[in-house]
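Residue-level listing of the chains:
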Amino acid sequence: MPEEILNKYRLTSMEEPTDEMLAQIMHEVAVEAKESTEKARKKYFDELRKSIKESK
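Computed from a predicted structure; not experimentally measured.

## A word on the overall build of the protein
Line of reasoning, step 1. Helix and strand content of the protein: two helices and zero strands.
Line of reasoning, step 2. Dimensions of the protein, computed from the C-alpha atoms along their principal axes, are close to 60 × 20 × 15 Å.
Line of reasoning, step 3. The proportion of buried residues among the 56 residues of the protein is 7%.
Line of reasoning, step 4. Counting only carbon and sulfur atoms, one obtains 56% of the accessible surface of the protein, whose full area is about 5500 Å².

This is how it looks when you write it as structure tokens:
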């Protein structure tokens with residue numbers, strides 16, 4: 001689906017999204033959630049390693 005069409009759709013719209021639109025929206029949200037989780041996990045363990053080094 002062209003990104004231009006997808007970007008025009010708003011969840012507050014009175015129109016129901018097509019199955020294709022909904023699938024694409026859900027895919028993009030899943031990718032962003034995975035990236036965000038990975039970034040937070042990396043930050044947590046980096047800070048944990050730093051704390052361990054400082055305490056030695």
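## Some words on the packing of aromatic side chains
Two aromatic rings, taken as a pair, are described by how far apart their centres are and by the angle between their planes.
Line of reasoning, step 1. Taken as a whole and assessed by the stated rule, the structure comprises one aromatic pair.
Line of reasoning, step 2. Their ring planes at 80° and their centres at 5.0 Å tell us that Tyr44 and Phe45 sit as a pair that is edge-to-face.

Rules used in this analysis
- Residues numbered from 1 in each chain as written.
- Predicted model: local features only at pLDDT ≥ 70, side-chain atom pairs only at ≥ 80, totals over all residues.
- Heavy atoms only, no water.
- Helix = DSSP H or I, 4+ residues; strand = E, 2+ residues; numbered from the N terminus.
- Buried < 20%, exposed > 50% of the residue type's maximum accessible area, 1.4 Å probe, protein only.
- Areas by Shrake-Rupley, 256 points an atom, 1.4 Å probe, with all protein chains shown as cover.
- Phe/Tyr/Trp six-rings, centres within 6.5 Å; stacked < 30°, edge-to-face > 60°.

Any functional reading would require information that these geometric values do not contain.
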